Amino acid sequence: MFPHLKGFNLHQWINDNRNNWGQRRVIWEDSDFIAFVTRGPNRRKDFHINPGDEIFYQLEGELNLHYLSNGKPELAMLKAGDLFLMPGKVPHSPRRSEGSWTFVVERIRRQDEIDRFIWLCEQCQTKLYETDIRFDDPSDAVRKASEAMRRDKNLATCESCDAVLEL
Ligand SMILES: [Zn+2]
């Protein structure tokens, strides 16, 4: 984590560490905001419902930012240099391939705020599964929920149209 009141060059930091990055690295979290850089590839079908806003700045490659607008699936495709505000409470699913790098800023959650993750039928948007977690919960609940759906096809099968979500 970087100290406050001290600037640094984001691109330099990425270049110095890009071969050993992991999935994401936090820049600041002891602030009103949590800021991090995350990269692809990722493999996720969950939609995140954040009680607060999120800012995405695409550094390299592309980000396919799926989201629901009044229940209707939409897709924002961010290219390098694109900036995007995802308003709070809008279900969204950022999907990245290899070479995609994104700078993200989120608000630190209040004590009473909970994040929700939902999985939707891709044919008819019926909700298949959901889990609520504190955003700083270390238990990796989203990955576990995803694995449970992969193991038990019933959890990934739509009650309305019988489509099975590929995870
Ligand atoms: Zn369905």
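Residues numbered from 1 in each chain as written. Predicted model: local features only at pLDDT ≥ 70, side-chain atom pairs only at ≥ 80, totals over all residues. Heavy atoms only, no water.

## Considering the pairing of strand β11 (residues 127-133)
- Judged from the 6 bridges that link them, strand β10 (residues 115-120) and β11 form a sheet pairing that is antiparallel. Across the sheet, the residue bridging to Arg 116 is Asp 132, located in β11.
- Between the antiparallel neighbours β10 and β11 lie 6 residues, among them Gln 125 with a positive phi of about 65°. (Pairing = 2+ DSSP bridges. Helix = DSSP H or I, 4+ residues; strand = E, 2+ residues; numbered from the N terminus.)

## Describing the coordination of the zinc ion
- Distances from the zinc ion to its protein donors, namely Cys 121 (SG), Cys 124 (SG), Cys 158 (SG) and Cys 161 (SG), fall within the range 2.3 Å.
- Classification of the site at the zinc ion rests on its 4 donor atoms, whose angles at the metal span 102 to 122°, yielding the label tetrahedral.
- Expressed as a motif, the donor residue spacing for the zinc ion is C-x2-C-x33-C-x2-C. Linking Cys 121 in the loop between β10 and β11 with Cys 158 in the segment after α2 (141-151), this pair joins segments that are 37 residues apart in sequence.
- Judged by relative accessible area, Cys 158 falls into the buried class, the value being 1%. (Donors = N, O, S within 2.8 Å, 3.2 Å for Na, K, Ca; no water. Tetrahedral: all angles 85-135°; square planar, octahedral: opposite > 155°, others 65-115°. Buried < 20%, exposed > 50% of the residue type's maximum accessible area, 1.4 Å probe, protein only.)

Scope: geometric values only; no functional claims are made or implied.
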